[in-house]
Amino acid sequence: METSIQTSLEEGTHASIGVVNARLNYLAEATPKPVNYAYDPPAGVPRRSGKYFAQTVAIHNGRELLNKLSLDTNGFVLTEHETEVKDFYDPDEVKAVYYPEVERLIKRVTGAERVVVFDHIVRNPVLAERGERGARPPAKIVHNDYSFKSAPRRVRDHLPEEVDRLLRNRFAEINVWRAIRGPIESSPLALCDARSLSAEDIVPVDLVYRDRVGETLGFLHNPRHSWYYFPRMTRNEAILLKCYDSKDDGRARFTAHTSFEDPNSPPNAAPRESIEVRALVFWAPETA
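Parameters and conventions
- Residues numbered from 1 in each chain as written.
- Predicted model: local features only at pLDDT ≥ 70, side-chain atom pairs only at ≥ 80, totals over all residues.
- Heavy atoms only, no water.
- Disulfide = S-S within 2.5 Å.
- Buried < 20%, exposed > 50% of the residue type's maximum accessible area, 1.4 Å probe, protein only.
- Helix = DSSP H or I, 4+ residues; strand = E, 2+ residues; numbered from the N terminus.
- Contact = heavy atoms within 4.5 Å.
- Polar contact = N/O pair within 3.5 Å; in protein donor to acceptor, adjacent residues only side chain to side chain.
- Pairing = 2+ DSSP bridges.
- Axes fitted to C-alpha atoms, helices over the stretch in contact; angles between N-to-C directions.
- Salt bridge = Lys/Arg side-chain N within 4 Å of Asp/Glu carboxyl O.
- Core = buried A, V, L, I, M, F, W, Y, C linked by side-chain atoms within 4.5 Å.
- 1 Å grid on protein atoms, 1.4 Å probe; cavity = no way out; pocket = protein on both sides within 12 Å on 5 of 7 lines; lining within 4 Å.
- Points joined across faces, edges and corners; volume = space filled by probe spheres on them.
- Nonpolar A, V, L, I, M, F, W, Y, C, P; charged D, E, K, R; others polar.
- Phe/Tyr/Trp six-rings, centres within 6.5 Å; stacked < 30°, edge-to-face > 60°.
- Lys NZ or Arg CZ within 6 Å of the ring centre and 35° of its normal.

The next subject is the state of the cysteines. In this structure the tally under the stated criterion is 0 disulfides. Distance from the sulfur of Cys192, which forms no disulfide, to the nearest cysteine sulfur (Cys243) is 13 Å. Residue classification places Cys192 among the buried positions, given a relative accessible area of 0%.

The next thing to look at is the environment of Arg278. Along the chain, Arg278 turns up in strand β14 (residues 274–282). In this view, Arg278 contacts Val116, Val117, Phe118, Asp119, Ile121, Asp145, Tyr146, Glu173, Ile174 and Asn175; residues no more than four positions away in its chain are not counted. Looking at Arg278, its side chain comes within polar contact range of the side chain of Asp145, at 3.1 Å.

Strands sit in the order β4-β12-β7-β14-β5 across an open sheet of 5 strands; the sheet is antiparallel. Every other strand in the sheet has two partners, leaving β4 (76–80) and β5 (114–123) as the edge strands with one partner each. Averaged over all pairs of adjacent strands, the angle between their axes in this sheet comes to 25°, without regard to strand direction. Taken together, the 9 bridges between strand β7 (residues 171–179) and β14 define a ladder with antiparallel strand orientation.

Below, the discussion takes up the pattern of salt bridges. The full count for this structure, using the stated rule, is 23 salt bridges. For Lys33, the salt bridge identified is with Glu215, shortest N-O distance 2.7 Å. With Lys33 in the loop between β1 (19–27) and β2 (35–37) and Glu215 in strand β10 (residues 213–219), this pair connects stretches of sequence that are 182 residues apart. Given a relative accessible area of 35%, Lys33 falls into the partly exposed group. Residue Glu215 is classed as buried on the basis of its relative accessible area of 9%. Across the pair Arg170 and Asp72 runs a salt bridge whose closest N-O atoms are separated by 3.3 Å. Of this pair, Arg170 sits in the loop between α4 (163–166) and β7 while Asp72 is found in the loop between β3 (52–61) and β4, placing the two residues 98 residues apart along the sequence. Within the structure, one salt-bridge network assembled from shared partners comprises Asp72, Arg170, Lys242, Asp245, Asp249 and Arg251.

Time to look at the nonpolar core. The nonpolar side chains of a soluble globular protein tend to be buried, and buried together. Tyr98, Ile106, Phe230, Ile239 and Leu240 are the most contacted members of the largest nonpolar core, which has 56 residues in total. By residue number, the principal contributor to this core is helix α1 (residues 91–110), which donates 7 residues. Those residues in contact with Tyr98, other than ones at most four positions away along the chain, are His81, Thr83, Val85, Phe88, Glu93, Val176, Arg178, Ile275 and Val277. Counting 18 residues, the second largest nonpolar core, distinct from the first, contains Ile17, Leu24, Tyr26 and Phe254.

Attention now moves to the layout of surface pockets. Its volume calculated, the largest pocket comes out at about 1100 Å³. Taken together, 43 residues make up the lining of the largest pocket; nearest its centre are Ile121, Arg123, Arg136, Leu207 and Arg278. Listed by contribution, the elements that provide at least two residues to the lining of the largest pocket are β2, β5, β6 (143–144), α3 (150–158), β9 (202–208), β10 and β14. Broken down by class, the residue content of the lining of the largest pocket amounts to 18 nonpolar, 10 polar and 15 charged.

The description of two aromatic rings rests on the distance between their centres and on the angle between their planes. On inspection of all chains with the given rule, the structure shows 12 aromatic pairs. For the pair Tyr26 and Trp227, a centre-to-centre distance of 6.5 Å together with 80° between the ring planes defines the contact as edge-to-face. One end of the pair, Tyr26, is in strand β1; the other, Trp227, is in strand β11 (residues 227–229), and 201 residues separate them in sequence. Of the residues examined, Tyr26 reaches a relative accessible area of 0% and is grouped as buried. Taking the centre distance of 5.0 Å and the plane angle of 85° together, the rings of Phe88 and Tyr98 count as edge-to-face. Of the two residues, Phe88 sits in the loop between β4 and α1 while Tyr98 sits in helix α1, which places them 10 residues apart along the sequence. Taken together, Phe148, Phe171, Phe219, Tyr244, Phe254 and Phe282 form an aromatic cluster joined through their ring pairs. We note Arg48 situated over the ring of Tyr52; from NZ or CZ to the ring centre the distance is 6.0 Å.

With that settled, the discussion passes to empty space enclosed by the protein. Throughout the structure, instances matching the rule amount to 2 cavities of 30 Å³ or more. Estimated volume of the largest cavity: approximately 110 Å³. Lining the largest cavity we find 13 residues, and of these Arg123, Trp177, Leu189, His257 and Glu276 sit closest to its centre. Of all the elements in the fold, those that place two or more residues in the lining of the largest cavity are β7, β12 (237–245) and β13 (257–259). Classifying every residue of the lining of the largest cavity by side-chain character gives 5 nonpolar, 5 polar and 3 charged.

Given below as C-alpha coordinates:
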(Lines give C-alpha, C1' and ligand atoms only; values in the text may rest on other atoms or scores of the structure.)
Protein backbone atom coordinates (compact mmCIF):
# COMPACT_ATOMS: atom_id res chain seq x y z
CA MET A 1 0.00 0.00 0.00
CA GLU A 2 1.91 3.03 -1.24
CA THR A 3 0.64 6.47 -2.16
CA SER A 4 0.83 7.87 -5.67
CA ILE A 5 3.14 10.86 -6.03
CA GLN A 6 1.69 14.23 -6.96
CA THR A 7 2.53 15.58 -10.40
CA SER A 8 3.74 18.81 -8.81
CA LEU A 9 6.80 16.96 -7.52
CA GLU A 10 7.90 16.55 -11.13
CA GLU A 11 7.43 20.14 -12.14
CA GLY A 12 10.00 22.94 -12.17
CA THR A 13 13.46 23.37 -13.58
CA HIS A 14 14.84 20.38 -11.68
CA ALA A 15 12.75 18.07 -13.88
CA SER A 16 15.02 18.90 -16.85
CA ILE A 17 18.06 17.35 -15.13
CA GLY A 18 18.45 13.86 -16.53
CA VAL A 19 21.67 12.61 -14.95
CA VAL A 20 24.74 13.95 -13.16
CA ASN A 21 28.17 12.37 -12.84
CA ALA A 22 29.52 12.63 -9.31
CA ARG A 23 32.00 10.93 -7.00
CA LEU A 24 30.73 8.65 -4.23
CA ASN A 25 32.90 7.29 -1.42
CA TYR A 26 32.91 3.48 -1.37
CA LEU A 27 34.80 1.04 0.80
CA ALA A 28 37.89 -0.24 -1.01
CA GLU A 29 38.06 -3.63 0.75
CA ALA A 30 36.00 -5.78 3.10
CA THR A 31 38.65 -6.89 5.60
CA PRO A 32 39.60 -6.22 8.30
CA LYS A 33 36.11 -5.28 9.51
CA PRO A 34 35.83 -1.46 9.41
CA VAL A 35 35.05 0.43 12.61
CA ASN A 36 33.35 3.81 12.96
CA TYR A 37 33.05 5.75 16.22
CA ALA A 38 29.89 7.66 17.09
CA TYR A 39 31.91 9.91 19.43
CA ASP A 40 35.46 11.26 19.62
CA PRO A 41 37.56 8.13 20.28
CA PRO A 42 40.59 7.95 22.58
CA ALA A 43 43.74 9.74 21.49
CA GLY A 44 45.50 7.94 18.69
CA VAL A 45 42.40 6.00 17.58
CA PRO A 46 41.01 7.09 14.18
CA ARG A 47 37.34 8.14 14.05
CA ARG A 48 36.89 5.79 11.07
CA SER A 49 38.93 2.80 9.98
CA GLY A 50 38.76 1.05 6.63
CA LYS A 51 39.97 2.25 3.27
CA TYR A 52 37.63 4.32 1.11
CA PHE A 53 37.95 5.59 -2.44
CA ALA A 54 35.94 7.99 -4.58
CA GLN A 55 34.24 6.42 -7.58
CA THR A 56 32.54 8.49 -10.28
CA VAL A 57 29.02 7.21 -10.95
CA ALA A 58 25.96 8.34 -12.90
CA ILE A 59 23.19 9.59 -10.60
CA HIS A 60 19.80 9.81 -12.28
CA ASN A 61 16.97 12.24 -11.62
CA GLY A 62 14.49 10.20 -9.60
CA ARG A 63 11.72 12.70 -10.31
CA GLU A 64 11.46 11.18 -13.78
CA LEU A 65 10.38 7.86 -12.22
CA LEU A 66 8.24 9.02 -9.32
CA ASN A 67 5.14 6.96 -10.06
CA LYS A 68 7.25 3.85 -10.72
CA LEU A 69 9.25 3.90 -7.47
CA SER A 70 8.32 1.59 -4.60
CA LEU A 71 9.70 0.91 -1.13
CA ASP A 72 9.39 -2.82 -1.71
CA THR A 73 10.98 -2.73 -5.18
CA ASN A 74 13.53 0.11 -5.12
CA GLY A 75 13.86 0.73 -1.38
CA PHE A 76 12.86 4.41 -1.47
CA VAL A 77 10.08 6.79 -2.52
CA LEU A 78 9.47 10.54 -2.56
CA THR A 79 6.16 11.98 -1.42
CA GLU A 80 4.60 15.32 -0.60
CA HIS A 81 4.30 15.85 3.15
CA GLU A 82 3.37 19.06 4.95
CA THR A 83 4.58 19.68 8.48
CA GLU A 84 3.56 21.97 11.33
CA VAL A 85 7.07 22.10 12.80
CA LYS A 86 8.41 25.64 13.23
CA ASP A 87 11.96 24.85 14.40
CA PHE A 88 13.51 21.52 13.43
CA TYR A 89 16.52 22.32 15.62
CA ASP A 90 14.31 22.23 18.72
CA PRO A 91 14.35 18.55 19.80
CA ASP A 92 11.33 18.97 22.06
CA GLU A 93 9.20 20.37 19.23
CA VAL A 94 10.44 17.68 16.84
CA LYS A 95 9.48 14.93 19.27
CA ALA A 96 6.10 16.46 20.13
CA VAL A 97 5.03 17.53 16.64
CA TYR A 98 7.14 15.84 13.98
CA TYR A 99 7.37 12.33 15.38
CA PRO A 100 3.55 11.87 15.25
CA GLU A 101 3.48 13.40 11.75
CA VAL A 102 6.08 10.89 10.57
CA GLU A 103 4.29 7.98 12.19
CA ARG A 104 1.09 8.90 10.34
CA LEU A 105 3.01 9.34 7.06
CA ILE A 106 4.66 5.94 7.25
CA LYS A 107 1.37 4.25 8.09
CA ARG A 108 -0.26 5.94 5.10
CA VAL A 109 2.49 4.97 2.67
CA THR A 110 3.12 1.40 3.88
CA GLY A 111 -0.16 0.22 5.36
CA ALA A 112 1.68 -0.70 8.56
CA GLU A 113 -0.27 -1.32 11.75
CA ARG A 114 2.16 0.43 14.09
CA VAL A 115 5.06 2.88 13.75
CA VAL A 116 7.45 3.86 16.54
CA VAL A 117 9.85 6.76 15.87
CA PHE A 118 12.89 6.37 18.09
CA ASP A 119 15.38 9.08 17.12
CA HIS A 120 16.38 11.79 14.65
CA ILE A 121 19.42 13.66 13.34
CA VAL A 122 19.65 17.22 12.05
CA ARG A 123 22.39 17.98 9.52
CA ASN A 124 23.89 21.39 8.85
CA PRO A 125 27.62 21.65 8.07
CA VAL A 126 27.88 25.25 9.33
CA LEU A 127 26.27 24.52 12.69
CA ALA A 128 28.16 21.24 12.96
CA GLU A 129 31.48 23.07 12.51
CA ARG A 130 30.50 25.41 15.34
CA GLY A 131 29.26 22.59 17.55
CA GLU A 132 25.80 24.18 17.76
CA ARG A 133 22.25 22.85 18.08
CA GLY A 134 23.26 19.19 17.91
CA ALA A 135 23.83 19.38 14.15
CA ARG A 136 26.03 16.99 12.22
CA PRO A 137 27.56 17.38 8.76
CA PRO A 138 26.15 15.40 5.81
CA ALA A 139 27.29 11.76 5.76
CA LYS A 140 29.54 11.30 2.74
CA ILE A 141 30.22 7.57 2.57
CA VAL A 142 28.03 4.93 0.92
CA HIS A 143 26.24 3.14 3.76
CA ASN A 144 23.05 1.70 5.21
CA ASP A 145 22.05 2.45 8.79
CA TYR A 146 21.35 -1.13 9.92
CA SER A 147 22.49 -4.69 9.32
CA PHE A 148 20.72 -8.02 9.65
CA LYS A 149 22.13 -8.19 13.18
CA SER A 150 21.57 -4.65 14.42
CA ALA A 151 18.03 -4.06 13.11
CA PRO A 152 16.36 -6.68 15.35
CA ARG A 153 18.49 -5.39 18.21
CA ARG A 154 16.80 -1.99 17.83
CA VAL A 155 13.45 -3.61 18.55
CA ARG A 156 14.94 -5.21 21.66
CA ASP A 157 16.43 -1.88 22.75
CA HIS A 158 13.27 0.20 22.35
CA LEU A 159 10.45 -2.29 22.95
CA PRO A 160 11.95 -4.95 25.25
CA GLU A 161 8.67 -6.01 26.83
CA GLU A 162 7.11 -6.75 23.43
CA VAL A 163 10.12 -7.99 21.51
CA ASP A 164 9.28 -11.69 21.40
CA ARG A 165 5.87 -11.04 19.89
CA LEU A 166 7.01 -8.27 17.54
CA LEU A 167 9.89 -10.23 16.05
CA ARG A 168 7.57 -13.08 15.07
CA ASN A 169 5.94 -10.87 12.42
CA ARG A 170 7.22 -8.62 9.66
CA PHE A 171 8.92 -5.41 10.76
CA ALA A 172 11.13 -2.80 9.12
CA GLU A 173 13.29 0.20 9.90
CA ILE A 174 12.41 3.18 7.71
CA ASN A 175 14.07 6.59 7.65
CA VAL A 176 12.19 9.74 6.66
CA TRP A 177 14.47 12.44 5.20
CA ARG A 178 13.49 16.03 4.41
CA ALA A 179 14.87 19.53 3.93
CA ILE A 180 14.76 21.77 6.99
CA ARG A 181 15.10 24.68 4.61
CA GLY A 182 14.76 24.28 0.88
CA PRO A 183 15.39 23.98 -1.88
CA ILE A 184 18.38 21.70 -1.24
CA GLU A 185 21.22 23.25 -3.26
CA SER A 186 24.24 21.31 -1.98
CA SER A 187 25.10 17.84 -0.71
CA PRO A 188 21.84 16.18 -1.80
CA LEU A 189 21.04 12.58 -0.90
CA ALA A 190 21.86 9.82 -3.41
CA LEU A 191 19.93 6.54 -3.19
CA CYS A 192 20.87 3.21 -4.72
CA ASP A 193 18.13 1.10 -6.30
CA ALA A 194 17.96 -1.98 -4.06
CA ARG A 195 17.61 -4.23 -7.10
CA SER A 196 21.12 -3.31 -8.23
CA LEU A 197 22.82 -4.42 -4.99
CA SER A 198 24.48 -7.83 -4.67
CA ALA A 199 25.39 -9.79 -1.55
CA GLU A 200 29.09 -9.54 -2.38
CA ASP A 201 28.87 -5.71 -2.27
CA ILE A 202 27.87 -5.64 1.41
CA VAL A 203 30.38 -5.07 4.23
CA PRO A 204 29.31 -5.08 7.92
CA VAL A 205 30.81 -2.14 9.84
CA ASP A 206 31.06 -1.82 13.63
CA LEU A 207 29.56 1.40 14.99
CA VAL A 208 31.03 2.06 18.43
CA TYR A 209 29.06 4.05 20.99
CA ARG A 210 30.24 4.84 24.52
CA ASP A 211 28.04 2.11 25.98
CA ARG A 212 27.59 -0.42 23.15
CA VAL A 213 28.69 -1.54 19.71
CA GLY A 214 26.17 -1.39 16.89
CA GLU A 215 26.52 -2.44 13.27
CA THR A 216 25.87 -0.69 9.96
CA LEU A 217 26.58 -1.68 6.38
CA GLY A 218 29.25 -0.32 4.06
CA PHE A 219 29.46 -1.14 0.36
CA LEU A 220 32.07 -2.08 -2.19
CA HIS A 221 31.71 -0.49 -5.60
CA ASN A 222 29.90 -2.47 -8.26
CA PRO A 223 29.31 -0.99 -11.74
CA ARG A 224 25.80 -2.49 -11.62
CA HIS A 225 24.75 -0.06 -8.89
CA SER A 226 21.96 2.23 -10.08
CA TRP A 227 21.86 5.62 -8.33
CA TYR A 228 19.13 8.28 -8.08
CA TYR A 229 18.50 11.62 -6.39
CA PHE A 230 15.73 14.20 -6.19
CA PRO A 231 17.08 17.62 -7.25
CA ARG A 232 16.24 20.73 -5.20
CA MET A 233 14.05 19.10 -2.60
CA THR A 234 11.77 21.48 -0.71
CA ARG A 235 10.47 21.53 2.84
CA ASN A 236 7.14 19.95 1.90
CA GLU A 237 8.72 16.82 0.40
CA ALA A 238 9.92 13.71 2.19
CA ILE A 239 11.96 10.68 1.19
CA LEU A 240 11.04 7.36 2.77
CA LEU A 241 14.10 5.12 2.79
CA LYS A 242 13.99 1.46 3.79
CA CYS A 243 17.03 0.56 5.89
CA TYR A 244 15.85 -2.93 6.90
CA ASP A 245 12.97 -5.31 6.22
CA SER A 246 12.64 -8.65 7.97
CA LYS A 247 10.60 -10.13 5.10
CA ASP A 248 12.90 -12.22 2.91
CA ASP A 249 10.71 -12.88 -0.14
CA GLY A 250 12.46 -10.98 -2.93
CA ARG A 251 11.36 -7.48 -1.92
CA ALA A 252 13.90 -4.74 -1.12
CA ARG A 253 15.28 -5.37 2.36
CA PHE A 254 17.53 -2.26 2.51
CA THR A 255 19.47 0.02 0.22
CA ALA A 256 22.60 2.15 0.14
CA HIS A 257 22.65 5.94 0.39
CA THR A 258 25.05 8.86 0.80
CA SER A 259 25.28 12.59 0.29
CA PHE A 260 27.38 13.81 -2.64
CA GLU A 261 28.80 16.96 -4.18
CA ASP A 262 26.33 17.94 -6.89
CA PRO A 263 28.07 19.42 -9.96
CA ASN A 264 24.86 21.41 -10.62
CA SER A 265 25.10 23.25 -7.30
CA PRO A 266 25.45 27.02 -7.81
CA PRO A 267 28.71 28.65 -6.65
CA ASN A 268 26.87 30.37 -3.80
CA ALA A 269 24.81 27.30 -2.85
CA ALA A 270 23.27 27.34 0.60
CA PRO A 271 24.65 24.71 2.99
CA ARG A 272 22.39 21.68 3.21
CA GLU A 273 19.98 21.63 6.14
CA SER A 274 18.08 18.38 6.61
CA ILE A 275 16.51 16.11 9.18
CA GLU A 276 16.24 12.34 9.14
CA VAL A 277 13.93 10.45 11.45
CA ARG A 278 14.28 6.73 12.18
CA ALA A 279 11.27 4.54 12.83
CA LEU A 280 10.44 0.93 13.62
CA VAL A 281 7.53 -0.25 11.47
CA PHE A 282 5.28 -3.22 12.24
CA TRP A 283 2.63 -4.96 10.16
CA ALA A 284 -0.28 -7.06 11.30
CA PRO A 285 0.36 -10.77 10.51
CA GLU A 286 -2.47 -10.99 7.99
CA THR A 287 -1.22 -7.97 5.97
CA ALA A 288 2.53 -8.62 5.97
